[in-house]
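The residues making up each chain are set out below.
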Amino acid sequence: MKALVEHIARSLVDHPEAVQVEEIHEEKAHVLRLSVHPDDIGKVIGKQGRTAKAIRSVVYAACGKQNGRVRLDIVD
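Since the model is a prediction, treat every value here as computed from it, not as a measurement.

Participant: Can you tell me about the side chain of Asp40, naming the residues and giving the values?
Facilitator: Here Asp40 shows up in the loop between strand S2 (29–35) and helix H2 (41–45). Within the structure, the side chain of Asp40 is placed 3.3 Å from the backbone nitrogen of Asp14, a separation counted as a polar contact. Contact partners of Asp40, with chain neighbours within four places excluded, come to Val13, Asp14 and His15.

Participant: Explain the sheet that holds strand S1 (residues 20–25) to me, using residue names and the numbers behind them.
Facilitator: Read across the open sheet, the three strands follow the order S1-S2-S3; overall the sheet is mixed. The open sheet has two free edges, formed respectively by S1 and strand S3 (69–75), since each of these has just one partner strand. Within the sheet, the average angular offset between the axes of one strand and its neighbour, ignoring direction, is 20 degrees. Direction of pairing for S2 relative to S3: parallel, over a ladder of seven bridges. If you follow Val31 over to S3, its bridge partner there is Arg71. Across the sheet, helix H3 (residues 50–63) touches S2 and S3, and the angle it forms with S3 is around 155 degrees.

Participant: I'd like to hear about the packing of helix H1 (residues 2–12) against H3, residue by residue, with values.
Facilitator: Remark: H1 packs on H3, axes separated minimally by 10 Å, with the N-to-C direction vectors making an angle of 155 degrees. Of the possible angle classes, the one that applies to H1 and H3 is roughly antiparallel. The two elements H1 and H3 cross, and the hand of that crossing is right-handed. Along the contact surface, H1 presents Leu4, Val5, Ile8 and Leu12, while H3 presents Thr51, Ile55, Val58, Val59 and Ala62. Looking at side-chain class alone, the contact of H1 with H3 contains eight nonpolar, one polar and no charged residues.

Participant: Lay out the nonpolar core with the relevant residues and their values.
Facilitator: One finds Val5, Leu32 and Leu34 to be the most contacted residues of the largest nonpolar core, which totals 15 residues. Contributing elements (two or more residues each) for this core: H1, S2, H3 and S3. Sequence-distant contacts of Leu32, defined by excluding residues within four places in its chain, comprise Met1, Lys2, Val5, Val21, Glu22, Glu23, Val59, Val70, Arg71, Leu72 and Asp73.

Participant: Tell me what's going on with H1, and back it up with residues and numbers.
Facilitator: The periodicity of an α-helix, 3.6 residues per turn, causes residues three or four positions apart to be oriented the same way. Looking only at H1, the buried set comprises Val5, Ile8 and Ala9. On an axial view of H1, the arc spanned by its buried residues comes to 95 degrees, and they lie on one face. Turned more than 90 degrees off the buried face of H1, the exposed positions are Ala3, His7 and Ser11. Close packing links the buried residues of H1 with S1, S2, H3 and S3.

Scoring rules and cut-offs
- Residues numbered from 1 in each chain as written.
- Predicted model: local features only at pLDDT ≥ 70, side-chain atom pairs only at ≥ 80, totals over all residues.
- Heavy atoms only, no water.
- Helix = DSSP H or I, 4+ residues; strand = E, 2+ residues; numbered from the N terminus.
- Polar contact = N/O pair within 3.5 Å; in protein donor to acceptor, adjacent residues only side chain to side chain.
- Contact = heavy atoms within 4.5 Å.
- Pairing = 2+ DSSP bridges.
- Axes fitted to C-alpha atoms, helices over the stretch in contact; angles between N-to-C directions.
- Parallel < 35°, antiparallel > 145°, perpendicular 65-115°, else oblique.
- Left-handed = near helix turned anticlockwise from the far one by under 90°.
- Nonpolar A, V, L, I, M, F, W, Y, C, P; charged D, E, K, R; others polar.
- Core = buried A, V, L, I, M, F, W, Y, C linked by side-chain atoms within 4.5 Å.
- Buried < 20%, exposed > 50% of the residue type's maximum accessible area, 1.4 Å probe, protein only.
- Arc of directions from axis to C-beta.

Put into structure tokens, the structure is as follows:
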């Protein structure tokens, strides 16, 4: 999942070298924290959060039910 989120985010931003994905294992879910360059945060979130929602949908679909719950947080 980490590699998938990195690949998607790097293709969207102007500063792909600043993209970082941190994977945290919580009790009931895997949390992926995506951080990007401050200038690129709008590109990752998109208008009214549509791009972020699309990224989350792809991650949830790729995860399926076999890996448990996955949560994607976008931080700056």
